[in-house]
Each structure stands twice: as structure tokens, then as C-alpha cells.
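Residue-level structure breakdown
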Amino acid sequence: MKKKVAIITTLLLTLISPSVLPSVNAAPVSKQVVVDGQRVIFDLNPIIVDGTTLVQFTPVFKKLGITSTWNQEKKQVVATKGSTRIILNVGSKTAYVNGSPVNLQVAPTVVAGKVFVPLRFISESTGASLSIRNNGNVIEVFSGNGRSISQPAAQTTKSAPTSVQVRNYLDQNYGALGSGRDLYDVYYTSVVQNETILVGIYFDFDDYMILMDNALDDSYIYKLTKPIAKDLQARYGSSYDVNLLLYLEFESPFYTSTFGIDNITPLSNGNYQILKPSFYSAFSADSGEAESYFIDFEGELYPMYYSAY
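Predicted model, so just to flag it, every value in this text is computed and none were measured. (Residues numbered from 1 in each chain as written. Predicted model: local features only at pLDDT ≥ 70, side-chain atom pairs only at ≥ 80, totals over all residues. Heavy atoms only, no water.)

**So, the packing of aromatic side chains**
- Here the structure, examined in full by the defined rule, presents 13 aromatic pairs.
- Ring plane angle 35° and centroid distance 5.1 Å describe the contact between Tyr222 and Tyr305, whose orientation is recorded as tilted. Here Tyr222, found in helix H6 (residues 220–236), pairs with Tyr305, found in strand S23 (residues 301–308); they are 83 residues apart in sequence, far enough to count as distant.
- Here Tyr222 falls in the buried class, since its relative accessible area comes to 7%.
- Connected via pairs of aromatic rings, a cluster forms that spans Tyr222, Phe283, Tyr305 and Tyr309. (Phe/Tyr/Trp six-rings, centres within 6.5 Å; stacked < 30°, edge-to-face > 60°. Helix = DSSP H or I, 4+ residues; strand = E, 2+ residues; numbered from the N terminus. Buried < 20%, exposed > 50% of the residue type's maximum accessible area, 1.4 Å probe, protein only.)

Now the structure itself:
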């Protein structure tokens, strides 16, 4: 079970990049870049230059399945994906795609030793699609790299969901999670894999403390997540398993091992990012049974509650 949660955590892992001050010509922004449902982890935030978003090339290329090399002498990035070969030169507004020159609105640049490239150009040149949401603060890229979203079983006419559809639906309908006085302000990530919908639910520090108190009732996490699971199965098809991970996420000015040393990431602004998976609920479509677990600092699972649903 520990291995299972480690895999799901890897799929849903998300961090907020620290703020930086790259240069007078580049405006640092808190934009989040999400590739196929997974937020990209950067050392430095994306930047805006003349209205164009530039990002560190290495993290994004890896997520998009792009192989790349950096020529320090030429200040040149060579990127390859399938039959597509792209060449970008730092400081030049001319890129090359399979040998043909392409004009860029903004040239690649170097900030604090990191090479930044235009995100839209790279995405679309390698066959990916790109969309912008949340007033421009979230940029989603869909690579199409082996995304396998199976159709629901023959007995249902529900359409197979995408990760983005699931996430948007949850943000719109369950952004305030819970009921009564214990209403949590949360946000979501999601990944759809074959016949499983994986959901990440993120709590800030204050809400997390309330959640922990309430979870002294072993059935509480099950009851909290059950409406989401049943809703997703009703909406997208009863053949889908729904697995949910509940996270603590906040930024701390102090280093603390309270939440586990593996759940701490140092940020370039001197603070520390805490991202701790804390509870796990699994709703099985085949058996109609649900399980909920507490996750300790080492990722070990401890059973909390079991029930038919």
C-alpha cells in the first residue's frame, strides 16, 4: 500500500514556485504551469517579457517528453521530440524548427544562470496544446504523451473525462469543502489514468489544523470525501475508481521537521515549502467499498475506516 500511495503522490505532487527578481526587463510572476495535470516545479518563477511568458526550459521539456541539450559555448538549446528538432539561441529572436527559421516575439534569455524560453512556442512546436485559466495565472499544457483515458464500460454512456475537466468541476463545485462550521477553502489537482480518477485536495495550515482535530473521528475523512467520489462516478461513469489524497500545503519562513523532512523543499526566497500527504481515501467501483487511511511522515499508511458506499 505504501508503494501505491507513493505512485499516486508522484502523479499529484504540486509545489508553488518562489518569487524571484530576475532582471529589470523581465517581470517575475506567480504563474503556475501545469503539464498533463501535473504542476511543473521550477527553481525560478516564470517571467513575462513584452507580454510573453518565458519559463526554465529543463523542467518543462522533461514534462513534455522533449530531449534537449545545452551548448554553453554557443548559448544554444537543441530540443528534439519525435521527428521535430528545435534550435533556440539565447538573445536571438530567430528559432529553427526542422531547419526552417521561425520568428519569435521574445528571444530566449538567461536569468540567474537558468535559461528561459517562450512557453507557447515550445509547446505548440512540439504538438502540444496550451490553455490559460484563472485570469492568466495558470497555464495548462497538454502534451498528448500517451494519455490513455479509457472509455467507460459498455453499460454506461458517460463520456470519458479529462484531468482538466475533473479539476475544473471540483474547483467550481467543491472549492468550499465540508459543511456547517467546518467549511474548508481548498483547491484541487487531478489525473485520469485508465479507469481511475486521482484527486489531490490541498488545505492551508489553518484549515489543516481543524481537519486534524476532526479526523480524530476515524470515519471523518471517509465522510468528507464520499460526496466527491460518488459525484464523480455519477458524472463520469460508475466504472471509475476514485482515489483522493489530502495534502497540507503552506510556505514557512522557518525550517521545521515537524511535518517530515521528506515533505520540505527549500525555496530561493529563503522560506520552505511544506507539502505533506496526510490522508488517503479509495473508492472502488468494482466492490462498492471504500477505505480511508492516515499517512505518516514517512508515507506509511494506517487504516482509519472501511465501509461499503
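Read on, since the account is not over.
**Details of the nonpolar core**
- Counting 38 residues, the largest nonpolar core has Ile201, Phe203, Leu211 and Leu232 as its most contacted members.
- Those elements giving two or more residues to this core turn out to be helix H4 (163–174), strand S17 (187–193), strand S18 (196–203), helix H5 (205–214), H6, strand S19 (241–252) and strand S21 (272–283).
- With eight residues, the single largest contributor to this core is H6.
- The contacts of Leu211, once residues within four sequence positions are left out, are Tyr184, Phe203, Tyr220, Ile221, Leu224, Leu246 and Phe279.
- Phe57, Val60, Ile66 and Val77 belong to the second-largest nonpolar core, a separate cluster that totals 26 residues. (Core = buried A, V, L, I, M, F, W, Y, C linked by side-chain atoms within 4.5 Å. Contact = heavy atoms within 4.5 Å.)

**Considerations on H5**
- Every buried residue of H5 is accounted for by Asp207, Tyr208, Leu211 and Asn214. When H5 is viewed along its axis, its buried side chains cluster within an angular range of 120° and face the same direction. Away from its buried face, by an angle of more than 90 degrees, H5 presents the exposed residues Asp206 and Asp213.
- Contacts made by the buried residues of H5 are with strand S16 (182–185), S18, H6, S19 and S21.
- You can read the cap of H5 off the contacts: a side-chain oxygen lies 3.4 Å from the backbone nitrogen of Asp206, and it is on Asp204. (Arc of directions from axis to C-beta. Polar contact = N/O pair within 3.5 Å; in protein donor to acceptor, adjacent residues only side chain to side chain.)

**Some points on the packing of H4 against H6**
- Relative orientation of the contacting elements H4 and H6 amounts to 130°, with a least axis distance of 12 Å. By the criterion of interaxial angle, the relationship of H4 to H6 is oblique. Along this stretch, H4 crosses H6, giving a crossing that reads as right-handed. Counted together, Gln165, Val166, Tyr169, Leu170 and Tyr174 of H4 and Pro227, Ile228, Asp231, Leu232, Arg235 and Tyr236 of H6 form the full contact between these two elements.
- Of the residues that constitute the contact of H4 with H6, the class distribution is eight nonpolar, one polar and two charged. (Axes fitted to C-alpha atoms, helices over the stretch in contact; angles between N-to-C directions. Parallel < 35°, antiparallel > 145°, perpendicular 65-115°, else oblique. Left-handed = near helix turned anticlockwise from the far one by under 90°. Nonpolar A, V, L, I, M, F, W, Y, C, P; charged D, E, K, R; others polar.)

**Considerations on the pattern of salt bridges**
- Applying the stated criterion across every chain, the model contains three salt bridges.
- Here Arg120 and Glu124 are joined by a salt bridge, their closest N and O atoms 2.9 Å apart. Within this pair, Arg120 and its partner Glu124 are both found in helix H3 (residues 119–125), separated by four residues, close to a single helical turn.
- Classification of Arg120 as partly exposed rests on a relative accessible area of 40%. (Salt bridge = Lys/Arg side-chain N within 4 Å of Asp/Glu carboxyl O.)

Coordinates in, geometry out; function isn't part of it.
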